[in-house]
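Results of the structural survey
One-letter residues, chain by chain:
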Amino acid sequence: MNDKWITRWPVVGTSGKKYTVAQDREGNFGCDCQSWMFQPRERWLNGKRRDCQHILNKKLELLQAGTITSFSLPSLDDKKSVRIVRLED
Ligand SMILES: [Zn+2]
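Worth saying up front: this structure is predicted, and the values here are computed from it rather than measured. The residue numbers shown here count from 1 along each chain, following its written sequence. For this predicted model, a pLDDT threshold of at least 70 governs which residues receive local features, and a threshold of 80 or more governs which side-chain atom pairs are given and counted, while totals over whole chains, interfaces and linings are taken from all residues.

Overview of the sheet that holds strand E1 (residues 5–12)
Backbone hydrogen bonds hold the strands of a sheet together, and the pairing may be parallel or antiparallel. Going by this rule: For two strands to pair, DSSP has to find at least two bridges joining them. Under the scheme used here, helices are H or I runs from DSSP no shorter than 4 residues and strands are E runs no shorter than 2 residues, and both carry numbers assigned from the N terminus. Angles shown run from 0 to 180 degrees and are taken between the N-to-C directions of axes, each axis being a line fitted to C-alpha atoms and, for helices, limited to the stretch in contact.
Taken in spatial order, the 3 strands make up an open sheet running E1-E2-E3, and their pairing is antiparallel. Only two strands of the sheet have a single neighbouring strand rather than two, namely E1 and strand E3 (29–31). The mean angle between the axes of side-by-side strands here comes to 25°, regardless of whether they run parallel or antiparallel. Relative to strand E2 (residues 18–24), E1 runs antiparallel, the two being bridged by 7 bridges. Looking at E2, one finds that Thr7 is bridged to Gln23.

Brief notes about the environment of Lys18
Put simply, the rule reads: C-beta atoms are first placed from the backbone for all residues, and any pair lying within 7 Å is then listed as a contact.
By secondary structure assignment, the location of Lys18 is in strand E2. For the pair Lys18 and Asp32, spaced 14 residues apart in sequence, the C-alpha to C-alpha distance is 9.4 Å. Non-local contacts of Lys18, meaning those with residues more than four positions away in its chain, are made with Pro10 and Val12.

Structural notes on unusual backbone geometry
At Asn46, a position not held by glycine, the phi torsion is positive, near 55°. Of note, Asn46 is situated in the loop between helix H1 (34–37) and helix H2 (53–65).

Observations concerning the nonpolar core
Where we set the bar: For the purposes of this analysis, a nonpolar core is taken to be any set of buried Ala, Val, Leu, Ile, Met, Phe, Trp, Tyr and Cys residues that are connected through C-beta atoms within 7 Å. To assign burial, the other C-beta atoms lying within 10 Å of each residue's own C-beta are counted, with C-beta atoms placed from the backbone; 20 or more indicates buried, 12 or fewer indicates exposed, and intermediate counts indicate partly exposed.
Counting 10 residues, the largest nonpolar core is built from Val11, Tyr19, Val21, Ala22, Phe29, Cys31, Cys33, Cys52, Ile55 and Leu56. Only E2, E3 and H2 provide two or more residues apiece to this core. Here this core gets 3 residues from one element, more than from any other, and that element is E2.

Considerations on the pairing of E2
Bridge count for E2 against E3 is 3 bridges, and the pairing is antiparallel. By the bridge assignment for E3, Gln23 is matched with Phe29. Between the antiparallel neighbours E2 and E3 lie 4 residues, among them Gly27 with a positive phi of about 90°.

Geometry only, nothing functional implied.
Here it is, written out as structure tokens:
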């Protein structure tokens, strides 16, 4: 990951694989897992990659900790975008 990320959190997937979830200055989240990094552009939402499970999990954690007050899930109209908020690969 390059320097645009100002905050990084190590996360562990269910298989024990380690990933890094990061946040940039604008508050955008990123992850270094394959499904986020190589997400096909046609699956993106509003010009941005959709959140992977690791990002969603981190957002949920930040929400529970009170660090953030809300986060948006991808549109529920698009069945493919619905991801369960828990750590898995
Ligand atoms: Zn990820």
